[in-house]
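# Residue-level structure breakdown
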Amino acid sequence: GNAEYQAALKISHGVLRNRKLQSSIQLYTKAYEMDRDSVQALTNRAAVYLTLDQYDKAAEDCQLAIETGKRTKADSKVMSRAYERLGKVKFQQKLYGEAIAALERVEEGFLSENAAKMLAEAEAFRDEEIERKEAERREQEARELEQQRQQEEQRRAKEEQAKREKHIAGMAQLLEKMRQLKGEGNSFFKHESYGSAMNSYKECLTTFEALDLEVLEPSQVEESTNLQSICRLNIAACCIKSQSSYSDAVAMCNLVLQRDPNNVKAIYRRSQAKFALEDFVGAISDAVSAQNLAPGDVTIASHLEVIQQAMARGREEEDHNRNNDKQDEEGDDSRDNYEQDAEGAGGQDDDGDDSGEEDREDDDGDDAEEEDREDDDGDDAEEEDREDD
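Anyway, here's the lowdown on the structure attached to this text. (Residues numbered from 1 in each chain as written. Predicted model: local features only at pLDDT ≥ 70, side-chain atom pairs only at ≥ 80, totals over all residues. Heavy atoms only, no water.)

Moving on to the packing of aromatic side chains. Remark: the centre distance and the inter-plane angle together describe each pair of aromatic rings, the angle taken between the planes. The final tally for this structure, using the stated rule, is five aromatic pairs. Taking 5.3 Å as the distance between ring centres and 70° as the angle between the ring planes, the aromatic pair formed by Phe189 and Tyr194 counts as edge-to-face. Looking at Phe189, the relative accessible area reads 1%, which means it is buried. Note on Phe275 and Phe280: the rings are 5.6 Å apart at their centroids and 50° apart in plane angle, and the pair reads as tilted. Put simply, the rings of Phe91, Tyr96 and Phe125 pair up and form one aromatic cluster. (Phe/Tyr/Trp six-rings, centres within 6.5 Å; stacked < 30°, edge-to-face > 60°. Buried < 20%, exposed > 50% of the residue type's maximum accessible area, 1.4 Å probe, protein only.)

Turning our attention to helix H7 (residues 113-190). In this model, H7 (78 residues) spans 113 Å end to end at C-alpha, consistent with the 116 Å of a helix rising 1.5 Å per residue. With its phi angle positive at about 60°, Glu192 sits one or two positions after the end of H7. (Helix = DSSP H or I, 4+ residues; strand = E, 2+ residues; numbered from the N terminus. Expected span 1.5 Å × (residues − 1).)

What follows deals with the nonpolar core. Counting residues in each nonpolar core, the largest one holds 38 residues, and the members touching the most others are Met178, Phe189, Tyr201, Ile235 and Cys238. The set of elements that each furnish at least two residues to this core consists of H7, helix H8 (194-209), helix H9 (218-242), helix H10 (246-259) and helix H11 (264-276). Here this core gets nine residues from one element, more than from any other, and that element is H9. Among residues more than four places away in sequence, those in contact with Cys238 are Phe189, Tyr194, Ala197, Met198 and Tyr201. With 24 residues, the next largest nonpolar core counts Ala31, Tyr32, Ala65 and Tyr83 among its residues. (Core = buried A, V, L, I, M, F, W, Y, C linked by side-chain atoms within 4.5 Å. Contact = heavy atoms within 4.5 Å.)

This brings us to the packing of H9 against H11. Two elements in contact, H9 and H11, have axes whose closest approach is 10 Å; the angle formed by their N-to-C orientations is 25°. One finds that H9 runs roughly parallel with respect to H11. H11 is crossed by H9, and the crossing has left-handed handedness. In this structure, H9 uses Leu233, Asn234, Ala237 and Ile240 to contact H11, whose residues at the interface are Lys265, Ala266, Arg269, Gln272 and Ala273. Each residue belonging to the contact of H9 with H11 can be placed in one class, and the counts come to five nonpolar, two polar and two charged. (Axes fitted to C-alpha atoms, helices over the stretch in contact; angles between N-to-C directions. Parallel < 35°, antiparallel > 145°, perpendicular 65-115°, else oblique. Left-handed = near helix turned anticlockwise from the far one by under 90°. Nonpolar A, V, L, I, M, F, W, Y, C, P; charged D, E, K, R; others polar.)

This next bit is on the packing of H9 against H10. Here H9 crosses H10 at 155°, and the two axes come no closer than 8 Å. On the basis of the axis angle, H9 is roughly antiparallel to H10. Of the two elements, H9 crosses H10, and the hand of that crossing is left-handed. The residues of H10 that touch H9, namely those facing Thr225, Asn226, Ser229, Arg232, Leu233, Ile235, Ala236, Cys239 and Ile240, are Tyr246, Asp248, Ala249, Met252, Cys253, Leu255, Val256 and Arg259. Counted by class, the contact of H9 with H10 contains eleven nonpolar, three polar and three charged residues.

Such coordinate-based values are descriptive only and should not be taken to indicate function.
In structure tokens:
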């Protein structure tokens, strides 16, 4: 059987040298079937498969040859050839790590020059592959991190958008609350419940302070600031109608005028409050300004006339008081002269002239008549009953 095997093996080598590859495969197969412990038949058939680029079959024969060699305790040369051939197959498959592992198993002195060169190339390719894979790993990691960052950013953006929408909805609710409070205040005002009206207007102003104007639409911002001014003007009207705090009315009007210097109602109501505080100079100044801005307003004209009349009465009172003071001074002088004359006449009691002076009582009838003319601001009161809408 060994002679026949050797003959078959020899024939296979000859056929292989003549490049009859398929025939040599058949012959190596026949030789292996004749001797299942033949590592050489397997490695030679693997070489043919490698030449035909049938790498999987070549690798399979190399693995079988190595297992057979281990089982039969083949010598180092035979085993080294099996490992070298496996390394070449893996190199062609571009499995450089496996190629290096196989070629490094070839014992020193048995590695062919071609295989040594292939080992060096495999190591270089392996290093490049390691670097490439590492670069790919880093890129993949970077992509995953970027994807995670984007997902987190999208999540946060959705949360922020949800918060913003909720915040905007909350601001819209506050604006609606301002509308309702202003309406409540107007209803109280029409029923002359000025204290309750004032409370509603003040709560409306407090609600305005809670508004975030930056998230509102421009039309909503304009509406809310207008509601603020209206409530301030209506609080001023409540103060004037209830005669509770004219100074607060002045303060409210001042706040309105800071935003709108030409607001006629604010100027007019401030004039009313100043008039009630007996600041006639300030009252008439505001009344004139209001009339200049609204020349045809009858209510303002009537209010201006009331101020002018009050100032006229004040001047008359001042003149009357000055006359009384002057008469009192003259009366004192007459008494002094009389006393001196009486002493000079030897104590005679003559007070006829003095009696004449005494009979001249202080006569302020005209002044009283003026006092009886109460301030008539009926038209103004009618205007005040119309709260700002």
